[in-house]
Amino acid sequence: STRKSAKTFSSSSQDMPPKKEEVEERLGAWALGKFSTRLKVGIVGLPNVGKSTLYNCMTNCAIPAENFPFCTIEPNETRVNVPDERFDWLVDKYKPKSIVNPWLEIVDIAGLVKGAAQGAGLGNHFLSNIRSVDGIVHVMRAFEDTDIVHVEDKVDPVRDIEIITSELREKDKEFVNSRLTALMKDKAKANSNAAAKKEWEAEVACIEKVLAYLEEGKEVRRGVGEGAQDYWSTKEVTYLNEYSLLTAKPVIYLVNLSEADFRRKKNKFLKPIHDWVMSHGGGTIIPYSGAFEQEYMHMGDAEKEEFCKEGPVLSVLPKIIKTAFTAIHLIYFFTAGPDEVKGWVIRKGYKAPQAAGVIHTDFERGFICAEVMAFQDLKEMGSESEVKAKGRYRQEGKTYTVVDGDVIFFKFNVTAKGK
C-alpha cells in the first residue's frame, strides 16, 4: 500500500512533456534559507524603537529595555509558543497526559545604526547576529515621545527602514566580493578538470549576478517568488543558501504606534511605510503598540474588560508570532492521542521520512510509511475511525511532502538500513 500511495502522489507526472522539453520547476520563496527545524527570527531595528519592549512582551523575560542605545549588547534568545486553534482542539479532544506546543525561537538583537557595515556603533557584532537568524522582524518607530530619544534625532520610519536595508545590502556586497576574491585565487586549481571548471564558472557567474542585483538596490529575497518568473535559478538558490546572505532572509515589518494611534488605527506614517514596502518587493506590515502590549500583558481579565470599554482592542502578539513563524517557512504536523498531543516543527518542503526523523532518527532510517489525516477531516468527522470509514485516512510513502496541520502516525522498522 505504501508503493501504491507513492504512485498516486506522483501520478500527475504522467501528463508532463518529454524530458528534453521540461521547464525548470518554479521555486517559491520558501526555497531560500536553511533546511532545518532549528530556525529562528531576530528582532531588528534602530536603537530605541521598541525592540526589547516587544521581546519582553513576547516572552515575559525581564531584560533591560531602558532608554539607552546599545543597552542590549548580547542577543537574548527565547522560545515562545505558537498559538493555534487546531492544537487547542486536539488537546480538548484527547485530553492527553502530556501537551507539547509548537514553538518559535526569537532573538532580540541590539540596535543597528547608520554605518554599521563599516563598524559604526557595535555594527559588525550586530550584523553577525543577524546572519545567524533565519528571518527578520523589522521594528519601526512611528510614535513621538520626548522622553525616548531617537538615534537619528527625528521620528521617520521610512528613513529608518532605508538605513537598515542599505546596511544589510552593504554587508552582503562585502561578503560576495570576498567570496569572489577567494574564487579568483582558486582559478588555476579549478581549471584542473572539466567538472571543477564548470562548477567554478557557475559560481563566479552567480556571484557577479548577485553583485549586480545588490548594486541596483534590491534585496536578494526579491529574486524568488516575485513577478512573472524567478530571477534566481535552482542552481543559484543552492549557492545563495550556502552564503546565508542578510538580504535573502524573509522580513516582516512591525510598526510601533502610540497607544492612542493603535486604538484609532490611524497614523501618518502608515501609508508612506506601506508604499515603501510595496515598492521593495512587498511584505507583511503589522501595526502594534509596544506601550499597549506592555500594559495589557500585566492585566487580569477584569482589568482587560474594563480597559476595552473605551473600544475593543486586542493584543496583536499572537498574530506577530504566527506571522513570523510562517515567514521563515516553518510548518508543523501533529501527533495526537491520549498520551500526548504534540506539534512537531518542520521546514516547509520536508518529505515524510525527514519529518519522521524530527521525532527520532530511527523513524527516518527505518521509514516504512506515514498514515496521514488532514486536520480538517478529523475535526469535521470527529474521530480517526470515522476518517477511515469515509476513506480519508491515507498511507503515504517516501515522496509525500508533509502539509501544515497533518495528523500523522509513522510506521517504521528500526532494523531497516538507510539508503
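Since the structure is predicted, the reported quantities are computational estimates derived from the model, not experimental observations.

*Asks:* Sorry, what's going on with the pairing of strand 10 (residues 367-374) here?
*Replies:* Within strand 10, six of the eight residues are buried, leaving the element largely enclosed by the surrounding structure. Relative to strand 12 (residues 406-412), strand 10 runs antiparallel, the two sharing seven bridges. By the bridge assignment for strand 12, Phe367 is matched with Phe412. Note that strand 10 and strand 11 (residues 394-396) share three bridges and pair antiparallel.

*Asks:* Just checking my understanding: could you explain the packing of helix 2 (residues 51-59) against helix 13 (residues 317-327) for this structure?
*Replies:* It is at 11 Å that the axes of helix 2 and helix 13 come closest, and there the two elements cross at 95°. Classified by the angle between their axes, helix 2 and helix 13 sit roughly perpendicular to one another. Of the residues in helix 13, those in contact with Leu54, Cys57 and Met58 of helix 2 are Leu317, Ile320 and Ile321. Split into classes, the residues belonging to the contact of helix 2 with helix 13 amount to six nonpolar, no polar and no charged.

*Asks:* Explanation requested: the packing of helix 5 (residues 157-185) against helix 7 (residues 194-215) in the structure shown.
*Replies:* With their axes 10 Å apart at the nearest point, helix 5 and helix 7 run at an angle of 155° to one another. In terms of orientation, helix 5 and helix 7 fall into the roughly antiparallel class. When you trace helix 5 past helix 7, the crossing you get is left-handed. Counting all contacts with helix 5, which are made through Arg169, Asp172, Lys173, Val176, Asn177, Arg179, Leu180, Leu183 and Met184, the residues of helix 7 involved are Trp200, Glu203, Val204, Ile207, Val210, Leu211, Leu214 and Glu215. Classifying every residue of the contact of helix 5 with helix 7 gives 10 nonpolar, one polar and six charged.

*Asks:* Even after reading the chapter, I still don't get the nonpolar core, so can you show me in this structure?
*Replies:* One finds Leu54, Met58, Leu104, Ile130, Leu254 and Ile320 to be the most contacted residues of the largest nonpolar core, which totals 71 residues. The residues contacting Ile130, other than those within four sequence positions of it, are Val44, Ile109, Leu112, Ile136, Leu168, Leu246 and Lys249. Residues Ala31, Trp200, Val220 and Tyr243 belong to the second largest nonpolar core, which totals 23 residues.

*Asks:* Would you mind showing me how to read the side chain of Thr323 here?
*Replies:* Checked against the element boundaries, Thr323 lands in helix 13. A polar side-chain atom of Thr323 sits 2.6 Å from the main-chain carbonyl oxygen of Lys319. Filtering out sequence-adjacent residues up to four positions away, Thr323 remains in contact with Ile252, Thr284 and Ile286.

*Asks:* Please explain the pairing of strand 6 (residues 251-256) as it appears in this structure.
*Replies:* On a regular strand, one side chain projects to one face of the sheet and the next to the other, so that they alternate. Summarising burial for strand 6: six of the six residues are buried, a large majority. Side chains Val251, Tyr253 and Val255 project from strand 6 onto one buried face, and the interleaved Ile252, Leu254 and Asn256 project onto a second face that is buried too. Relative to strand 6, strand 5 (residues 135-141) runs parallel, the two sharing six bridges. Note on strand 6: the bridge partner recorded for Arg141 is Asn256.

*Asks:* Would you take a moment to explain the pattern of salt bridges for this structure?
*Replies:* Note that side chains of opposite charge can pair when their charged atoms are close. Tallied over the entire structure, the rule returns 26 salt bridges. Taking the shortest distance from any N to any O, the salt bridge between Lys271 and Asp275 comes out at 2.8 Å. Placement of both Lys271 and Asp275 in helix 10 (residues 270-278) is noted, with a separation of four residues, approximately one turn of the helix. Accessibility expressed as a relative area gives 36% for Asp275, which makes it partly exposed. One salt bridge connects Asp362 with Arg365, and the closest N-O pair in it is separated by 3.3 Å. Of the two residues, Asp362 and Arg365 are both situated in helix 15 (residues 361-365); the distance of three residues between them amounts to about one turn of the helix. Assessed through its relative accessible area of 36%, Arg365 is described here as partly exposed. A network of salt bridges, in which partner residues are shared, links Arg38, Arg79 and Glu105.

*Asks:* In this structure, what is going on with the packing of aromatic side chains? I would like to understand it.
*Replies:* Pairs of aromatic rings are described using the distance from one ring centre to the other and the angle between the two planes. Summed over all chains, the structure comprises 16 aromatic pairs. Between Tyr213 and Trp232 the ring centres are 5.0 Å apart and the planes differ by 65°, which places this aromatic pair in the edge-to-face class. Of the two residues, Tyr213 is situated in helix 7 and Trp232 in the loop between helix 7 and helix 8 (234-243); the sequence distance between them amounts to 19 residues. Each member of the pair, Tyr213 together with Trp232, is buried. Taking 5.6 Å as the distance between ring centres and 65° as the angle between the ring planes, the aromatic pair formed by Tyr332 and Phe334 counts as edge-to-face. Phe334 matches Tyr332 in its accessibility class, with the two residues each being buried. Cluster of aromatic residues (ring-pair linked, three or more members): Phe87, Trp89, Phe325, Tyr332, Phe334 and Phe375. One Lys or Arg, Arg141, reaches over the ring of Phe143 and ends 4.5 Å from the middle of that ring. When the ring centre of Phe35 is taken as origin, the NZ or CZ atom of Arg347, which lies over that ring, is 4.1 Å away.

About the cut-offs
- Residues numbered from 1 in each chain as written.
- Predicted model: local features only at pLDDT ≥ 70, side-chain atom pairs only at ≥ 80, totals over all residues.
- Heavy atoms only, no water.
- Buried < 20%, exposed > 50% of the residue type's maximum accessible area, 1.4 Å probe, protein only.
- Helix = DSSP H or I, 4+ residues; strand = E, 2+ residues; numbered from the N terminus.
- Pairing = 2+ DSSP bridges.
- Axes fitted to C-alpha atoms, helices over the stretch in contact; angles between N-to-C directions.
- Parallel < 35°, antiparallel > 145°, perpendicular 65-115°, else oblique.
- Contact = heavy atoms within 4.5 Å.
- Nonpolar A, V, L, I, M, F, W, Y, C, P; charged D, E, K, R; others polar.
- Left-handed = near helix turned anticlockwise from the far one by under 90°.
- Core = buried A, V, L, I, M, F, W, Y, C linked by side-chain atoms within 4.5 Å.
- Polar contact = N/O pair within 3.5 Å; in protein donor to acceptor, adjacent residues only side chain to side chain.
- Salt bridge = Lys/Arg side-chain N within 4 Å of Asp/Glu carboxyl O.
- Phe/Tyr/Trp six-rings, centres within 6.5 Å; stacked < 30°, edge-to-face > 60°.
- Lys NZ or Arg CZ within 6 Å of the ring centre and 35° of its normal.

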